[in-house]
Structures are given as structure tokens and as C-alpha cells.
Amino acid sequence: MSALYFTKDHEWISVEGDVGTIGITDYAQVHLGDLVFVELPEVGRKIASGKEAAVVESVKAASDVFVPVSGEVIEVNKAVVDKPALVNENPEGAAWLFKLRLADPSELKGLMDRKAYQAYCNTLE
Amino acid sequence: MDSTELAGLARTPLFDLHVELGAKMVAFAGYAMAVQYRAGVLAEHLHTRAAAGLFDVSHMGQAELRGLDPAAALEALVPGDVQSLGAGRMRYTLLTDERGGILDDLMVTRDADRLFLVVNASRKAEDFAHLRAGLRGNVELVELPDRALLALQGPRAAAVLSRLAPGIDGLAFLSGTRAMVAGISCFVTRSGYTGEDGFEISCPADRAETLARRLLAEPEVAPIGLGARDSLRLEAGLCLYGADIDTTTTPIEAALAWTISKRRREGGSYPGDSVIRRQLAEGPPRLRVGLRPRDRAPARAHTQIAGIDGTALGEVTSGGFGPSLDAPIAMGYVPAGHARPGTELRLIVRGTPRPGDVAPLPFVPHRYRKP
């Protein structure tokens, strides 16, 4: 059973054991618009919590994707690099961006669950 | 954008219609403008190239020059040839400063004894003050704040507008005429900012919504926001004031020498004429060029441009993604010696030098109506 967490920067992380799968939320893709370019981190890169790990770009603008928790990149989703529009179609499913081996699972405590994230998004409208 | 952010912004006569159409509103040049509708930037861009797009450009500044020989008076402020404009003809030109920098770009149309001007929204207050201060003789600048401006652009634009204004297809590219469009008195020019055939329609502000709804009722027409307007003009290699041209760029550096006729090169007297004449004779130190990244990473405005040896060359001034090309495109300035199409260079995107090439402009061929 995996646990799902969200950030104020509109990333999600689904955690199973010590592996977290990270993507951007539906709210994020709606606000970014049609994505045309995705840049993912190299496998093996160690990234500290809150640092930029990936970039998603729409026709108009580039946005950083931050890692919600520290860890080492163990896998990236090449499908979204080949077809960035997948992120618009299924941002919280098939269009995950990368997987991290978590350095410190206790960092997850600072994140929101879906209900809290939903309430947070409502305050932004 | 929430209601408090919108509150301080000016609105065009089509504001309510944009909201009704599901537009995402953003601040642009002090106006609340539609950046995209529900279809999104990609679909709106491609629709304009395939059929017809309707743009609200009512934020732009419209004015008339009236009086005795307004063309001669305007030529004291622009390097373009205004006096040779025939009746109903239209031309792109530039307001320049004493150093040859560009204060704004504008469209000028001769409408009988008047000149009709369209200037950038972000510059209109400065432009109008500059014109009032600089127009000599018995010439008056009359602002037209009670007029809206709609652009209908795309390969089906002429067919659509002909239904509402029979005979309008006879209007030549870069010409203007007074015309009744759907029973509304308009000034229509065959022009635009997309590289496609199309029209810009100046109409009374209080009739703009009626006209826009009438155009949107045609099956080929979709509303298009500023997002697609920007990607369309970039593919067409057209300058955006404040990005590609400003007071630090001359018309020659901006590759806009074509806007200066032989007569005005030889005898023109206008702000910055000595700088511009010298650059015409000796060549400019740098030039605006098209840029094509070799991979798929967009090189946005202010991306540094370097040579293959790492030497700093210049900066991207407009950059993003070209939906019709399905590839990133950009424009920027490089030293004249690096401006030849095919010159390989590096675009420093997020710290990483990525290969790219100088490319001919426009990226997408213009499809203006042939005479």
C-alpha cells in the first residue's frame, strides 16, 4: 500500500517502502497549459529536499519541479520526455516524472495529504 | 488572476465576453487581457494557421493625424516613407530617438487626408506625448480611445469576413478602407501579426462585442489569446516591442532596414538619422537573427548566446516553442560576423550550453494575400 503526499509547489509523491514516485498535480498542469518540453534529472543524482530536480515547459514559460524530500534518483519516466503532452493528459498517473530512493522518510511528515492539498488549492482560486 | 488583481487593470470592451468564453485573464500593459481560452495556446495557435482566429487587440493605441500634410510631419519622427503612401495604403514604421534607438513600432495607414496610426499598448501614452511634442506645422494628433480593435487572422479570414462585408476580399495586403461589417461602421485593414492573411478591424467600442459575437458565430472562427498571438508572431519572425526592439536597438541592428526607403536613406531627416545612416553604410555591429535550438529545450528571452568556443555573443530576446514547427524557436542579437544563417552557436539554458544554429526568418513562411 502506497501513501500519497502533496506540496505547496504542486508536486505529488507516492511512497512505497523507501521509494517515492514524483510528479506534478492536475492543478499544476491546468495552470501551466500545454507542455512542450520536460527535462528530468540524471539517474544517480542525489538531491536535497526543496531543490530543483526537473523542468516542465509550456509554450509560454518554464517551471521548476522541486523534490519534496531528499533522495537519490533511481528511475526517470522517458515517456514524458518523448511526449510532454502526457503530463497534461494524466499528470497523477502514467505521467509520473521520476523515482527517488528516500534519504530520510521522516521528511514526509511536513507534506500535505490529498484533503489538505485540496483545501490549499481552494485558497489559491 | 483573482478579483483584487483585476481591479486595478483597464478593461477592453470585450472583457465580459472573454470571461464568458472561459479565458484565463492576465495583466498586460495595464490591461486585463485573455492569454488563452479553454482550447489552450497550442490548439489556438494551430487553429489560426488552419482556419481563422479572432483576437481582441483593443488595448493597442489608435489615433489619427489630421491637418495639413500629416505625412510630412510624421516623417520628421520616423525613418519610414510616409509621404509616398498612396490613398488607403498602409506601412510598418518606427519611432526613433536621437541615438537611433527605437521608441516604438507602429502601423500607419493613409485614410483620405488623415493618417490612421496603431501603436503598442505599452507605449501609447509615451508615443502620443512624443508625437504631440514633435509634430510640426498645422497637424493634430487625435486619440481614438472609443474605438476597439479586433484582428481576424488565418487562411479562412477573408472568406469569413466577406460574408459580413461583401467585397472586402478585394482589399489588398497592407491597405485599409472604411467598410460596413455586419452593419457596423468600421475601418478595416488587411494586416496582422501572425504571418497569415487577415484583417484588423477598428470599430466603435460600444459595437465591439456585437461584432465579435457575429464573427465567432462563423464556423471557422475561434477566439485566440495573447499566448498564441505571441507564438504566431515569433514563428512569423515579427518583433515584439520591449523584447526584440527597444531604445537600445537601432532599426538596422533589428534587421528592419527594409522599412527605410531609398528616398529616406538618402535625404531623410529624423531622430537618430546620422547613426542609422552610418550603420547602413558601414554595417551594424550586431544583428537580430532567428535561432533554432538543435534539441527540444526552448531558449527563452535572456538566454545567453555563445560561440562554439564559449565566447559570449549576445542574448535571446524572444524565445519559446513554435507549435506549427513542433520545435523550439527564438530570436536574439549576435555580432554581425555570426549572423549568417547556418552559423552554429550555443544557447546557455539553465547553465548548460546547448547547440543551436542561426536560422533564416521567418521560421514559418508568410502567407499574406498576394496582390
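Along each chain, residue indices are assigned from 1 in the same order as the chain's sequence is written. The lettering of chains begins at A and the numbering of ligands begins at 1, in the order of writing. Only residues with pLDDT of at least 70 get local features here, since the model is predicted, and only at 80 or more are side-chain atom pairs given and counted; chain-wide, interface and lining totals rely on the full set of residues. The side-chain quantities take in all heavy atoms of the structure and omit both hydrogens and water.

Q: When you look at the nonpolar core in this model, what are you seeing that I'm missing?
A: Ranked by internal contacts, the top residues of the largest apolar core, which has 29 residues, are Leu152(B), Leu161(B), Val188(B), Phe199(B), Leu211(B) and Leu215(B). Only DSSP runs of H or I reaching four residues or more are called helices, and only runs of E reaching two or more are called strands; each is numbered from the N terminus. Mapped onto this core, the elements with two or more residues apiece are β4 (52-56), β10 (147-153), α6 (157-164), β11 (176-181), β12 (184-189), β13 (198-204) and α7 (208-216) of chain B. The contact partners of Leu152(B), leaving out residues within four places of it in the chain, are Ala52(B), Gly53(B), Leu54(B), Ala157(B), Val160(B), Leu161(B), Gly198(B), Phe199(B), Leu215(B) and Val221(B). What makes a nonpolar core is a set of buried Ala, Val, Leu, Ile, Met, Phe, Trp, Tyr and Cys residues whose side-chain atoms join them at distances within 4.5 Å. Remark: exposure states derive from per-residue accessible area (1.4 Å probe, protein chains only) relative to the maximum for the residue type, with buried under 20%, exposed over 50%, and partly exposed in between. Judged by nonpolar contacts, the second largest core, of 26 residues, contains Ile22(A), Val69(A), Ala95(A) and Leu102(A). In what follows, residue pairs with any heavy atoms lying within 4.5 Å of each other are defined as contacts.

Q: Help me understand the packing of aromatic side chains, please; the structure alone is not making it clear to me.
A: Here the distance between the centres and the angle between the planes together describe a pair of aromatic rings. Within 6.5 Å between ring centres, the rings of Phe, Tyr and Trp (the latter by its six-membered ring) count as paired, and their orientation is classed by plane angle as stacked under 30 degrees, edge-to-face over 60, tilted in between. Across all of its chains, the model carries five aromatic pairs over all chains by this definition. A ring pair is formed by Phe116(B) and Phe187(B), whose centres lie 5.1 Å apart and whose planes are at 65 degrees; its orientation type is edge-to-face. With a gap of 71 residues between them, Phe116(B) in strand β8 (residues 114-119) and Phe187(B) in strand β12 connect regions that are remote in the sequence. Each ring, one from Phe173(B) and one from Tyr368(B), has its centre 4.2 Å from the other, and the planes form 15 degrees; the classification is stacked. Linking Phe173(B) in the loop between α6 and β11 with Tyr368(B) in the segment after β20 (352-359), this pair joins segments that are 195 residues apart in sequence. Members of the aromatic cluster, connected to one another through ring pairs, are Phe6(A), Tyr117(A) and Tyr120(A). Over the face of the ring belonging to Trp96(A) we find Lys99(A), whose NZ or CZ atom lies 4.9 Å from the ring centre. Criterion for a charge above a ring: Lys NZ or Arg CZ within 6 Å of the ring centre, and within 35 degrees of the ring normal.

Q: What is the right way to read helix α5 (residues 124-134) of chain B from this model?
A: All names here are of chain B. Turning to α5, its buried residues are Lys124, Asp127, Phe128, Leu131 and Gly134. The buried residues of α5 all sit within an arc of 145 degrees when viewed along its axis, so they share a single face. α5 presents Ala125 and Ala133 as exposed residues on the side facing more than 90 degrees away from its buried surface. Think of it as the arc spanned by the lines of direction from the helix axis to the C-beta atoms.

Q: Would you mind going over empty space enclosed by the protein with me for this structure?
A: Empty space among the atoms can be located by rolling a probe the size of a water molecule over them. Residue and element names in this part refer to chain B. Lining residues are defined by having an atom within 4 Å of a point belonging to a cavity or pocket. Those points lie on a 1 Å grid over the protein atoms alone, cavities being sets where a 1.4 Å probe fits but cannot get out and pockets being open sets with protein on both sides within 12 Å along at least five of seven lines. Grid points are joined across faces, edges and corners, and a volume is the space filled by probe spheres set on the points. What the rule picks out here adds up to three cavities of 30 Å³ or more. Taken together, Leu14, Leu17, His18, Leu21, Tyr37, Leu54, Phe55, Asp56, Ala212, Leu216 and Pro223 form the lining of the largest cavity. Of all elements in the fold, only α2 (15-20), β4 and α7 reach the threshold of two or more residues within the lining of the largest cavity. If you tally residues by element for the lining of the largest cavity, the top one is β4, at three residues. A class-by-class count of the residues in the lining of the largest cavity yields nine nonpolar, one polar and one charged. When its volume is computed, the second largest cavity comes out at roughly 40 Å³. Side-chain classes follow a simple rule in which Ala, Val, Leu, Ile, Met, Phe, Trp, Tyr, Cys and Pro form the nonpolar group, Asp, Glu, Lys and Arg form the charged group, and the remainder, Gly included, forms the polar group.

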